[in-house]
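Descriptive analysis of the structure
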Amino acid sequence: MRRKNTDPPPGMKITHFELILISAFLHVNADAGATVLSATDGSLPERIGETTRARAMGFAFSSLGDDASTLFINPAGLVNAKGITLYGEYTDGPNAYSGGAARGCLSVPFDRLAAAAGFFSDNLEGVGAWNVFVAGAAWRITEGAQGSFISIGADAMIGRLAREEAGDCVVCGASGTSDTEFTAGLGIMIRPLPVVSIGCSSANLLENGFETGTVGVRWKRQTRVAVSWFLQDRVVVSWERKYCGTRESDRYGICMRTSVPIELMSGFYDEKVTGGIRWVQRRFDVSIAFSPDGEGAITTSVCAQLFFHKKPDEIHQ
Amino acid sequence: MKQILCRSILFAHAVSFVIACDSGVCMASAAEADSSRFFHWSSVYTAKMLLNRADGRFPWNASGSDSLFADRVSAGIHAGAGGGLDLFLKIGSGLGGRATGRRSDGLFLEQGHIRFEPGNLPLETVIFIRERMFAPHTRLLPVISDDSPILPEAAEGAKIAVKNVRNLSITYIRCALRERGIIEKHGGLPVFEEEGDRLDFLECSARSGFGHIGLSMSAARSSLYGNSAIVGTEGSFRIGSLDFSAGFARSVDGGLEEIEASRIFDIDPSKIRIGKTAAAFAPETAVAAEVRGIEFSQGNSGKFGLIPSYRYYGRDFSDPQGEIRGGLVESRATAFWKHPKLAVMAVIDCVDRFSMEEKRDGAALAGYVRTRFRGGFETSEGIMLRDDGGPSMAVSMLDESERVTMSVTARLDNRGNERDLSFLAEGGLKAGSSWLIRNCVFLERSAESYYNIALEFRPGRRFLFTVSAGSFRPWAESVMLMDEPGCFNVRKDRFISISTRVWMGGF
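Residues numbered from 1 in each chain as written. Chains lettered and ligands numbered in written order. Predicted model: local features only at pLDDT ≥ 70, side-chain atom pairs only at ≥ 80, totals over all residues. Heavy atoms only, no water.

A few words now on the packing of aromatic side chains. Overall, the coordinates contain 15 aromatic pairs over all chains when judged by the stated rule. Each ring, one from Phe281 of chain B and one from Tyr310 of chain B, has its centre 6.5 Å from the other, and the planes form 45°; the classification is tilted. Separated by 29 residues along the polypeptide, Phe281 of chain B in the loop between β11 (242-253) and β12 (285-292) and Tyr310 of chain B in strand β14 (residues 303-313) bring together distant segments of the chain. Each member of the pair, Phe281 of chain B as well as Tyr310 of chain B, carries the same accessibility label: buried. Consider the rings of Trp435 of chain B and Phe457 of chain B, whose centres lie 4.6 Å apart with planes at 35°: the pair is tilted. On the criterion of sequence distance, the pair formed by Trp435 of chain B in strand β22 (residues 435-444) and Phe457 of chain B in strand β23 (residues 448-460) is long-range, its members being 22 residues apart. Since its relative accessible area comes to 36%, Trp435 of chain B is described here as partly exposed. Three or more aromatic residues joined by ring pairs form one cluster here, namely Phe281, Tyr310 and Tyr312 of chain B. Across the ring face of Phe72 of chain A, the terminal group of Arg103 of chain A is positioned such that the distance to the ring centre comes to 4.6 Å. (Phe/Tyr/Trp six-rings, centres within 6.5 Å; stacked < 30°, edge-to-face > 60°. Helix = DSSP H or I, 4+ residues; strand = E, 2+ residues; numbered from the N terminus. Buried < 20%, exposed > 50% of the residue type's maximum accessible area, 1.4 Å probe, protein only. Lys NZ or Arg CZ within 6 Å of the ring centre and 35° of its normal.)

What follows is the structure in structure tokens.
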């Protein structure tokens, strides 16, 4: 369900772009008179892309896409799944993630297609409870020798922000306000060689924001361009550049599969070090990751995947 | 008179060497049948450009033209004239002094020695310049050490040693301690003068199958650290596989003449109480004791062992010529279990430690398990419990293969209401036979993050090209997360470094 959006002030123009590579961004101003919370890094809207595996690798994940959580980052990566996968995740931290955030999704492959549906639930003090439902699909356009391919993906998101608030803006008898917005995202993944993968995605193409009572929360478009390099089924090195509003940041990640079924992961972004490990088994895998929030606290994330019907590839190349 | 004597000894050695060399035999290659006659040389040239980031008008500021380019060249020769006589000289330039950090512009003599060890006599005489002559790790009490505050890169002197004569060894070392400025002023050559800082060291030891006993005396005269004399004794006794070791040392301000014979072993057993053993020792003394060899092995159950030890460094124990820092009382018992077949080792360390320097007083219990799996994968887990603080846990994983190495270590310190996470990840990747990429990231106590990446090109044994950038230098700054209490000696300094090193010669 789509609520009335804020009309842009005179002189501003909203445009939409067909995404091939990098998109340009436009800001939508909120209504005059409303209080707007600045959507800075780490704020509510960007967390939807902070999955466990991505966190462990410094959030350089867009070109990797080797677990079901790629639905929230680059839907084109859904084609990498080799079987029905159920994914669950929980994230917690004393500052940024007070109250915890949960995520789940189910992905189902169909030959050269893949579909997935998921949800993300977060609660931020001072802003409200945010729930997002996502549905996505990916299509492997072409396949080549030794696992090379080109895939595209798209997702549709419905986000709802609810706040406890009182005042004239609140309907009589209600304890708060809420706003629901719809948006979409696109992604592409190219694997020209078995050793390299290129990914590009853009989330929240419509750049809809939330208005709940006197508070407006921007939901900025996020564009990612990433490259991953694979070495001998053991090592993955990734780089990603993320654009959000006027800010851009570089992320770096490395993952190494050991001789026992454990993956060691580490990453670096925005002067912060991240890390994690993943335990891979035939029917499931479990990951744990952490990252500093920049205020002296650590955000920890745990996720688990269950695989049905088919065992996933060793390194998902 | 002493100056004349020193110069005469040096002259005699030099003349002997020249006479032996005059026959030309010492210039022969190493292929000569007589291995005591040899000549080797080597040279190393390092060109280095260092850019340090500094706050200022420009994003990357060179810290100054003097330190932007830090070239260094060194050359050394090692020649043997036969008959137990050998000469070693090493000259260099661009060397930064460890004490002052200054760099030298010209060439000067960095290290050197003339050694004479006649084959038919258990005698060794050495005249040395800034070489490592003291071996602290062979002593239970490191009362003298090349890594002490006064000795690094400073000692010029002579050593006379009688080795293993009826299981008895005697060593005497006398050296002058030179300041950096004086070293550079004279081109690194030895300076014979009565005044100035000095160190005298005498050690006697007797060894047998039952153990050993030793006595050492050292007197240091330092304008920076004062005058300090230390008398110490150390011994060990062996029964079967058990080895009991103990050491005792006494320091006084001034020279050896300040030590009165009746006050060397200043121990009052009447003051010993349960939990207050250290009360029996005077504050100017240092005591250490250790028992090794308590081990038990049965069938395929592996080996169990126990190592109890005790150290007391009195708060007034002054040791500028060694590694002992006063104000330490430590009782420790280390129990271990090893199983070679399972590739597992477990260690439990119980420590009761008071340290004035670390400002710590309390007991701690630390347990570690190390396991090695197939394919070069290794894990280590540790937990540390303290009665004066919260617990800590550490986990480390290492995976090594022919081309890739990666290790991660995570440590969690519980400090009451707060928990600090520290994380260190290091990786190395061989890209081809000559290229190596290394990276390192470090998160310190949930607060500060550091990174470093380096690229090495090494096509052979004689050439190395390195490019390194980051916010810290993992090879120069110590980070030990598995130890108790953990070491975080890191300084944030953004930099880019490009260096080339070329080796020449036969060393």
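Below, the discussion takes up the pattern of salt bridges. Pairing of side chains with opposite charge becomes possible as their charged atoms draw close. Going through the model one piece at a time under the given rule, you end up with 41 salt bridges over all chains. The salt bridge involving Asp122 of chain A is made with Arg47 of chain A; its shortest N-O contact spans 3.0 Å. One end of the pair, Asp122 of chain A, is in strand β4 (residues 113-124); the other, Arg47 of chain A, is in the loop between β1 (35-37) and α1 (52-56), and 75 residues separate them in sequence. Looking at Arg47 of chain A, the relative accessible area reads 2%, which means it is buried. With a closest N to O distance of 2.2 Å, Glu330 of chain B and Arg353 of chain B form a salt bridge. Of this pair, Glu330 of chain B sits in strand β15 (residues 328-339) while Arg353 of chain B sits in strand β16 (residues 344-355), and the two are 23 residues apart along the sequence. (Salt bridge = Lys/Arg side-chain N within 4 Å of Asp/Glu carboxyl O.)

On to a nonpolar patch on the surface, then. Judged by side-chain polarity, Ile348, Leu365, Ile383, Leu385, Met393 and Leu412 of chain B come together as a nonpolar surface patch covering roughly 480 Å² of accessible area. Taking the relative accessible area as the measure of exposure, Leu365 of chain B reaches 37% and is therefore partly exposed. (Patch = residues over 30% accessible without salt bridge, like charges linked within 9 Å, V, L, I, M, F, W, Y side chains within 5 Å. Areas by Shrake-Rupley, 256 points an atom, 1.4 Å probe, with all protein chains shown as cover.)

Read these as spatial facts, not as claims about activity.
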